[in-house]
Amino acid sequence: MIKRIALNGHRATIVTLTMNPALDITTSADRVLPTDKIRCRGTRYDPGGGGINVARVARVLGASVSAVFPAGGPAGDMLANLLVGEQVPFHRVRIASSTRESLTVNEESSGQQYRFVLPGPQLTFSERAQCLDELRMAASSARFVVASGSLPPGVPAEFYQSVADVCRELGARLVLDTSGTGLQHITSGVYLLKPSVRELRECIGRDLGTEAEQVDAVQELIARGVAEVVVVSLGAQGALLVTKQGAQRFPAIHMRSGSGVGAGDAMTAAVTVGLCRGWPLAKSVQCGIAAGAAMLMTPGTAVCRRDDVERLFELAAEPVDLSSVSR
């Protein structure tokens, strides 16, 4: 059974797909030690998973958005209720197994962060098919579909290619942010691909130690028809934007250290929102970098604030055109 939550006949411009959502739990402790009981405090619960995080940030930035995801059990119910509280429209596909939980523990004595991520529930063939059917309906008038996050057990590695095929049928542009076999088995139909350097390295199957090697690897993917645009997130080093026409490097916005949980999802959300506004790719990537930096200012897996994103966006440096740099 599918449960739809819509606001005033809501028709989304951006539809996100999260095949492996999570109930994110964040807490803190003085020290994290083996064997001993760890006394935690200050528990926070947030709806999580790649596409859900993208939807939350996109809504904060003022976009018309809707999230599609499978969810089951008490954790799935709580995740849905949290989205209702944040006023994020969604389409929930109910599944038999329980939605996973993810735990983040901040160690106050050292400032280090420990993240425990569970694999997720097993999805049946029927549940997977319902997710594609719901995506097809939810995205019937969308401009962008953002498929983000890992694939849970029971979902074949080719699943995101099926998503790309659905987007092609609908005329929606697909933004894909995933890793592992889900990334390795995509062959065509992606408008914008957003891997990290590690994910790009795993996809290509060789070390990418230099910027030139990273750009060459991305251009291979574009030449094969996998994607039209690739944005490689470099963490504290910023990002690379590569198209058939060339490549640009975007410096990061330097921030005090903070929780980086969800920074990549925020970047994906803001890039997509920028494109929906008709912005050029470069300006959209700058907005994405600002949103990723703004996530460092929030506790745990809380969503970033629009005012912070807009303020940091004003600080975003101009990109370096790599076609003019000796490689």
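Residues numbered from 1 in each chain as written. Predicted model: local features only at pLDDT ≥ 70, side-chain atom pairs only at ≥ 80, totals over all residues. Heavy atoms only, no water.

**Some details on the state of the cysteines**
Rules: A pair of cysteine sulfur atoms is labelled a disulfide when the two atoms are within 2.5 Å. Relative accessibility under 20% of the residue-type maximum defines a buried residue, over 50% an exposed one, and the middle range a partly exposed one, all with a 1.4 Å probe and only protein chains included.
Overall, the coordinates contain zero disulfides when judged by the stated rule. Cys304 takes part in no disulfide bond, and the closest cysteine sulfur, belonging to Cys287, lies 9.3 Å away. Using a relative accessible area of 2% as the deciding quantity, one classes Cys304 as buried.

**Let's talk about the pairing of strand β10 (residues 173-177)**
Heads up, the rule is: Starting at the N terminus, helices and strands are each numbered in turn, a helix being any DSSP run of H or I of at least four residues and a strand any DSSP run of E of at least two. When DSSP finds at least two bridges between two strands, those strands are taken to pair.
Buried residues dominate β10, accounting for four of its five residues. In terms of strand pairing, strand β9 (residues 144-148) meets β10 through five bridges, oriented parallel. Following the sheet pairing, Ala147 is matched in β10 by Leu176. Alignment of β10 against strand β11 (residues 190-193), held across two bridges, turns out to be parallel. Paired with Leu176 across the strands is Leu193, a residue of β11.

**Considerations on the packing of helix α9 (residues 281-294) against helix α10 (residues 306-313)**
Put simply, the test is: An axis is simply a line fitted to the C-alpha atoms; with a helix, the fit covers only the stretch in contact. Between two such axes, the angle follows the N-to-C directions and lies from 0 to 180 degrees. Angular relationships are summarised with four words: roughly parallel below 35 degrees, roughly antiparallel beyond 145, roughly perpendicular across 65 to 115, and oblique for the angles in between. Throughout, a crossing is termed right-handed when the near helix is turned clockwise from the far one, and left-handed when it is turned anticlockwise from it by less than a right angle. Working rule for contacts: check all heavy atoms of both residues, and any pair within 4.5 Å makes them a contact.
Between α9 and α10, the least distance of the axes is 8 Å, while the angle of their chain directions is 125 degrees. As far as their axial angle goes, α10 and α9 are oblique. Between α9 and α10 lies a crossing of right-handed hand. The residues of α10 that touch α9, namely those facing Lys283, Gln286, Cys287, Ala290, Ala291, Ala293 and Ala294, are Asp308, Val309, Leu312 and Phe313.

**Details of the pattern of salt bridges**
Quick note on the threshold: Take a side-chain nitrogen of Lys or Arg and a carboxyl oxygen of Asp or Glu: if they are within 4 Å of each other, that pair is a salt bridge.
Scanning the model with the defined rule gives 18 salt bridges in all. Of the charged contacts in the structure, one is a salt bridge between Arg136 and Asp133, with a shortest N-O distance of 3.3 Å. Remark: Asp133 and Arg136 occur in helix α3 (residues 125-138); sequence separation between them is three residues, near one turn of the helix. For Arg198, the salt bridge goes to Glu202, with nearest N and O atoms at 3.2 Å. Taken together, the residues span about one helical turn, with Arg198 and Glu202 both in helix α6 (residues 197-204) at a distance of four residues. In the salt-bridge network here, residues are joined through shared partners; they are Arg44, Asp46, Arg56 and Glu86.

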